[in-house]
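Coordinate inspection notes
Chain by chain, the residues:
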Amino acid sequence: MQVEDQTGRTATSVEHIGSANTDAELTLLLRSAKQRLHPGQQAFDFGDLEQEPHPWSESLT
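Now for a quick tour of the structure.

1. Some details on the overall build of the protein chain
- In terms of helices and strands, the protein chain carries one helix and two strands.
- Element order for the protein chain, N to C, with α for helix and β for strand: β-β-α.
- Here the protein chain holds 61 residues, and the buried ones make up 13% of them.
- Within the protein chain, contacts between residues at least 6 apart in sequence are counted, and of these 30% link residues at least 24 apart.
- A total accessible area of about 5,700 Å² is found for the protein chain, and carbon and sulfur atoms account for 49% of it.

As structure tokens, then:
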């Protein structure tokens with residue numbers, strides 16, 4: 001997972017966060033990435049939306 005800055009169609013990698021092999025690791029990486037967002041940048045709050053598992057997550061078990 002990487003944090004990227006996108007201007008128009010050009011994306012520039014800002015920081016490599018890490019790699020995830022499980023849903024738990026992915027959750028930790030997402031939390032870490034959210035903390036590294038540019039100052040003042042806001043994230044969408046989707047509230048209590050039901051999330052479906054990733055299609056590839058079943059193949060990892």
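Following the structure, the description resumes.
2. Regarding the pairing of strand 1 (residues 2–7)
- Bridge count between strand 1 and strand 2 (residues 10–16): six bridges; the pairing is antiparallel. In the strand pairing of strand 2, Val-3 is matched with Glu-15.
- Linking two consecutive strands that pair antiparallel, namely strand 1 and strand 2, is a turn of two residues; a positive phi of about 65° is found at Gly-8 within it.

3. Thoughts on helix 1 (residues 23–35)
- If you check helix 1, its first and last C-alpha atoms are 19 Å apart, about what 13 residues at 1.5 Å a residue would give, namely 18 Å.
- For helix 1, the complete set of buried residues consists of Leu-26, Leu-29, Ser-32 and Ala-33. All buried residues of helix 1 lie within an arc of 125° about the axis, which places them on one face of the element. Away from its buried face by more than 90 degrees, helix 1 exposes Ala-24, Leu-28, Arg-31, Lys-34 and Gln-35.
- In this fold, the buried residues of helix 1 make contact with strand 1.

4. A few points about a nonpolar patch on the surface
- A surface patch of nonpolar side chains, about 420 Å² in accessible area, is lined by Phe-44, Phe-46 and Leu-49.
- Tracing the backbone shows Phe-44 in the segment after helix 1.
- For Phe-44, a relative accessible area of 73% gives the class exposed.

Rules used throughout
Residues numbered from 1 in each chain as written. Predicted model: local features only at pLDDT ≥ 70, side-chain atom pairs only at ≥ 80, totals over all residues. Heavy atoms only, no water. Helix = DSSP H or I, 4+ residues; strand = E, 2+ residues; numbered from the N terminus. Buried < 20%, exposed > 50% of the residue type's maximum accessible area, 1.4 Å probe, protein only. Contact = heavy atoms within 4.5 Å. Areas by Shrake-Rupley, 256 points an atom, 1.4 Å probe, with all protein chains shown as cover. Pairing = 2+ DSSP bridges. Expected span 1.5 Å × (residues − 1). Arc of directions from axis to C-beta. Patch = residues over 30% accessible without salt bridge, like charges linked within 9 Å, V, L, I, M, F, W, Y side chains within 5 Å. Salt bridge = Lys/Arg side-chain N within 4 Å of Asp/Glu carboxyl O.

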